[in-house]
Amino acid sequence: MQKRLFIRTYGCQMNVYDSARMVDVMTPLGYIPAAQAEGADLVILNTCHIREKAAEKVYSELGGIRRLKRARERQGGRMVVAVAGCVAQAEGEEIRRRAPFVDIVFGPQSYHRLPDMVARALAGAGEGVFDTSFPAEPKFDYLPENLTAPGVSAFLTVQEGCDKFCTFCVVPYTRGTEYSRPTADVIAEARRLVLAGAREITLLGQNVNAYHGEAQDAGEWGLGMLIRALAEVPGLERIRYTTSHPRDVDDALIAAHRDVPQLMPFLHLPVQSGSDRVLAAMNRRHRTDDYRRTVGRLREARADLALSSDFIVGYPGESDDDFRATLDLVREIGFAQAFSFKYSPRPGTPAAVAEDQIPESIKVERLAELQALLQQQQRAFNQSCVGQIMPVLFEKPGRHPGQLVGRSPYLQAVHADASPDRIGEIVPVRIDAAAPNSLGGSIVAAVAETEERAA
Ligand code: 5AD
Ligand code: SF4
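Residues numbered from 1 in each chain as written. Chains lettered and ligands numbered in written order. Predicted model: local features only at pLDDT ≥ 70, side-chain atom pairs only at ≥ 80, totals over all residues. Heavy atoms only, no water.

Colleague: Is there a simple way to think about the overall build of the protein in this case?
Modeller: Tallying secondary structure elements over the protein gives 13 helices and 21 strands in all. At 23 Å, the protein has a C-alpha radius of gyration in line with the 23 Å of a compact globule built from 455 residues. For the protein, the C-alpha atoms occupy an extent of roughly 70 × 60 × 50 Å along the three principal directions. The 455 residues of the protein split such that 52% are buried. For the protein, the proportion of contacts with a sequence separation of at least 24, taken over those separated by at least 6, is 72%. With the model as given, the accessible surface of the protein reaches about 20,000 Å², and the carbon-plus-sulfur share is 51%. (Helix = DSSP H or I, 4+ residues; strand = E, 2+ residues; numbered from the N terminus. Rg over C-alpha atoms; globule rule 2.2 N^0.38 Å. Buried < 20%, exposed > 50% of the residue type's maximum accessible area, 1.4 Å probe, protein only. Contact = heavy atoms within 4.5 Å. Areas by Shrake-Rupley, 256 points an atom, 1.4 Å probe, with all protein chains shown as cover.)

Spelled out as structure tokens, the structure:
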């Protein structure tokens, strides 16, 4: 009998990938994806613990889920509720206390065991199933081949976990130590994704450029080598990767940006702060000059490279001068887009117990000032694209009828009038208009026709 599975995904792209794999492991048991939690047989919240706000969302969502579960029970049905991901890993006990109706709590490393956990929850007397272990066997070896249709642009996790221990970050605790998948597995998965319709693959990892996968020819490959090999996969037209650490940008990766045309000229390279004092306190293991040098070398390799970054304002002890240094670095480097956050103390991390915490009011002010500057740079970058002809990979229907939306090489969303059969194609589009978060354009062949008609 068919059963309905609803997954709500929070946080990063890694969670998006993980949620798709959860669907894959449940599909053989007759579960099909549902669009809403109401009436579902299995509800999974795949959670994010990176900042307090992200974690709190889970508890408020659970309030609604509890009502739906009770309603289903009153109708004689059953709804198994699972909390997965990084909140589950970090706060399993607290979930148990605050939401005792949750049937299953499992961390990011154990979702290959989901069918077994669901069976135990259904058989049990409501005492709950908990699995937040870091199993010795990597889950990737136990996952079925991707069953879920990947779409035009697919994610592929190649690396997980982090050994860097930045003082603000929970990732090394929730995702564990660094693990790289063997190169043969990654290439095989890429081939399957392309056969299933993907034209673009984004390689994922918390620290993706620390990738060091075991290779068939013995030894290990870094990310640069892996990208070169993936460029040989027929039909794979675009390659991206995220998220990188400035310290792990090596010569081979820079060379890949120079030599591999499928590797898109857009890089998310978090710097976090423009102050060396703050970077040292954060245990970032790079200085601002290292970042400048790395960006310089990347731009030498690929002149049109556009950059994105992450910033934290109000890290403990951040002075006004430290913050000004961040603004200066932003002005100097120039970002096509960026994410910025107020520092959020995370339980168990060293920075959370620092004494010189910054008052909320100052964090709010600094974030507003930084975001104004970053938005100005993003608008200027988008504006500079107007008049250019860009190859756009169309992904799906746009907001308006007759429109498709796709991505430029620089990851900007581009809207253009086009027939749905062009989804999955890379099409030259002349950019006519820039909005803060997207571009609008016309397919170049269509432009030529219109101009011919007008002549
Ligand atoms: N507070 C605020 N931002 C954080 N990030 C990670 N941990 C925290 C925290 N405790 C940000 C960093 C990271 C991004 C994914 O989230 O900028 O690069
Ligand atoms: Fe967290 Fe990234 Fe630092 Fe690792 S490198 S600890 S994931 S911020």
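Resuming the write-up.
Colleague: Is there a simple way to explain the layout of surface pockets in this structure?
Modeller: Where empty space is left becomes clear once a probe the size of a water molecule has been rolled over the atoms. The space that makes up the second largest pocket amounts to roughly 200 Å³. Forming the walls of the second largest pocket are 15 residues, and the residues nearest its centre are Gln109, Pro135, Pro138, Thr177 and Tyr179. (1 Å grid on protein atoms, 1.4 Å probe; cavity = no way out; pocket = protein on both sides within 12 Å on 5 of 7 lines; lining within 4 Å. Points joined across faces, edges and corners; volume = space filled by probe spheres on them.)

Colleague: Help me understand the sheet that holds strand β7 (residues 153–157) in this model?
Modeller: In a beta sheet, neighbouring strands pair by backbone hydrogen bonds and run either parallel or antiparallel. What the three strands build is an open sheet, ordered β7-β10-β13; its pairing is parallel. Edge positions in the sheet fall to β7 and β13 (238–242), since each has one partner strand and no second. Each strand axis lies, on average, 25° off the axis of its neighbour in the sheet, ignoring direction. When strand β10 (residues 200–204) meets β13, the two strands line up parallel, connected through five bridges. From the neighbouring strand, leucine 204 faces β13, where its bridge partner is threonine 242. (Pairing = 2+ DSSP bridges. Axes fitted to C-alpha atoms, helices over the stretch in contact; angles between N-to-C directions.)

Colleague: How should I be thinking about the site of ligand 2 in this particular structure?
Modeller: Every residue near ligand 2 is listed here: Cys162, Lys164, Phe165, Cys166, Phe168, Cys169, Val171, Pro172, Asn207, His245 and Arg284. In the shell around ligand 2, the residues fall into seven nonpolar, two polar and two charged. (Near = heavy atom within 4 Å. Nonpolar A, V, L, I, M, F, W, Y, C, P; charged D, E, K, R; others polar.)

Colleague: Whenever I open this one, the packing of helix α10 (residues 288–301) against helix α11 (residues 320–333) confuses me. Can you help?
Modeller: Two numbers describe a pair of packed helices, the interaxial angle and the distance between the axes. Their axes nearest at 12 Å, the elements α10 and α11 cross at an angle of 10°. Taken together, the axis directions place α10 and α11 in an arrangement best described as roughly parallel. Counted together, Thr288, Tyr291, Arg292, Val295 and Arg299 of α10 and Leu329, Glu332 and Ile333 of α11 form the full contact between these two elements. The residue makeup of the contact of α10 with α11, split by class, is four nonpolar, one polar and three charged. (Parallel < 35°, antiparallel > 145°, perpendicular 65-115°, else oblique.)

Colleague: Just checking my understanding: could you explain the sheet that holds strand β5 (residues 104–106) for this structure?
Modeller: Pairing is parallel in the open sheet, where six strands are placed in the order β2-β1-β3-β4-β5-β6. Each of the sheet's edge strands pairs with one partner strand only, and the pair in question is β2 (31–33) and β6 (129–131). Going from strand to strand, the sheet's axes swing by 20° on average, the running direction of each strand aside. As paired strands, strand β1 (residues 3–9) and strand β3 (residues 42–47) are joined by five bridges and run parallel to one another. Across the sheet, residue leucine 5 finds its bridge partner in β3, namely leucine 42.

Colleague: Just to check I follow, could you spell out the packing of aromatic side chains for this structure?
Modeller: Two aromatic rings are characterised by how far apart their centres lie and by the angle between their planes. Under the definition given, this model contains five aromatic pairs. A centroid spacing of 5.6 Å and a plane angle of 85° characterise the contact between phenylalanine 311 and phenylalanine 335, whose relative ring orientation is edge-to-face. Taken together, the residues span a long stretch of sequence, with phenylalanine 311 in strand β15 (residues 306–313) and phenylalanine 335 in the loop between α11 and β16 (337–342) at a distance of 24 residues. Here the two residues phenylalanine 311 and phenylalanine 335 agree in accessibility, since each one is buried. Here arginine 21 stacks its cationic end above the ring of tyrosine 17, 4.6 Å away from the centre of that ring. Directly above the aromatic system of tyrosine 59 lies the positively charged group of arginine 98, at a separation of 3.7 Å from the ring centroid. (Phe/Tyr/Trp six-rings, centres within 6.5 Å; stacked < 30°, edge-to-face > 60°. Lys NZ or Arg CZ within 6 Å of the ring centre and 35° of its normal.)

Colleague: Could you clarify how one ought to interpret the site of ligand 1 in this entry?
Modeller: Contacts to ligand 1 come from Ile50, Arg51, Phe168, Gln272, Asp310, Ile312, Phe341, Lys342, Tyr343, Ser344 and Arg346. Here a nitrogen atom of ligand 1 sits 3.0 Å away from a polar atom, N or O, in the main chain of phenylalanine 168. In this structure, an oxygen atom belonging to ligand 1 sits 2.6 Å away from a side-chain N or O atom of aspartate 310. Contact with the protein chains hides 87% of the accessible area of ligand 1, taken as 400 Å² for the molecule alone. Broken down by secondary-structure element, the contributors of at least two residues to the shell around ligand 1 are β15 and β16. Among the residues making up the shell around ligand 1, the classes are represented as five nonpolar, two polar and four charged. (Polar contact = N/O pair within 3.5 Å; in protein donor to acceptor, adjacent residues only side chain to side chain.)

Colleague: Which parts of the structure should I look at to understand unusual backbone geometry?
Modeller: Note: most peptide bonds trans; most residues except glycine with negative phi. A cis amide bond links threonine 242 to the next residue, threonine 243, at an omega of 5°. Residue placement: threonine 243 occurs in the loop between β13 and α8 (251–259). In this model, arginine 285 sits at a positive phi of 65°, which is unusual for a non-glycine residue. Residue placement: arginine 285 occurs in the loop between α9 (276–281) and α10. Using a relative accessible area of 41% as the deciding quantity, one classes arginine 285 as partly exposed.

Colleague: Explain the nonpolar core to me, please; I cannot follow it from the model alone.
Modeller: Among soluble globular proteins, nonpolar side chains are generally buried collectively. Ranked by size, the top nonpolar core spans 52 residues in total, and within it Leu203, Leu223, Ile227, Leu230 and Tyr241 carry the most contacts. When residues no more than four places from it in sequence are discounted, the contact partners of tyrosine 241 are Thr202, Leu203, Val208, Leu223, Ile227, Leu253, His257, Leu263 and Leu267. If you look at the next biggest cluster of nonpolar residues, it comprises 24 residues, including Ile7, Val23, Ala84 and Ile104. (Core = buried A, V, L, I, M, F, W, Y, C linked by side-chain atoms within 4.5 Å.)

Colleague: Which parts of the structure should I look at to understand the pairing of β10?
Modeller: In regular strands, side chains alternate between the two faces of the sheet. Burial of β10 is extensive: five of the five residues sit out of reach of the surface. In this structure, β7 lies alongside β10, joined through five bridges in parallel fashion. By the bridge assignment for β10, threonine 157 is matched with leucine 204.

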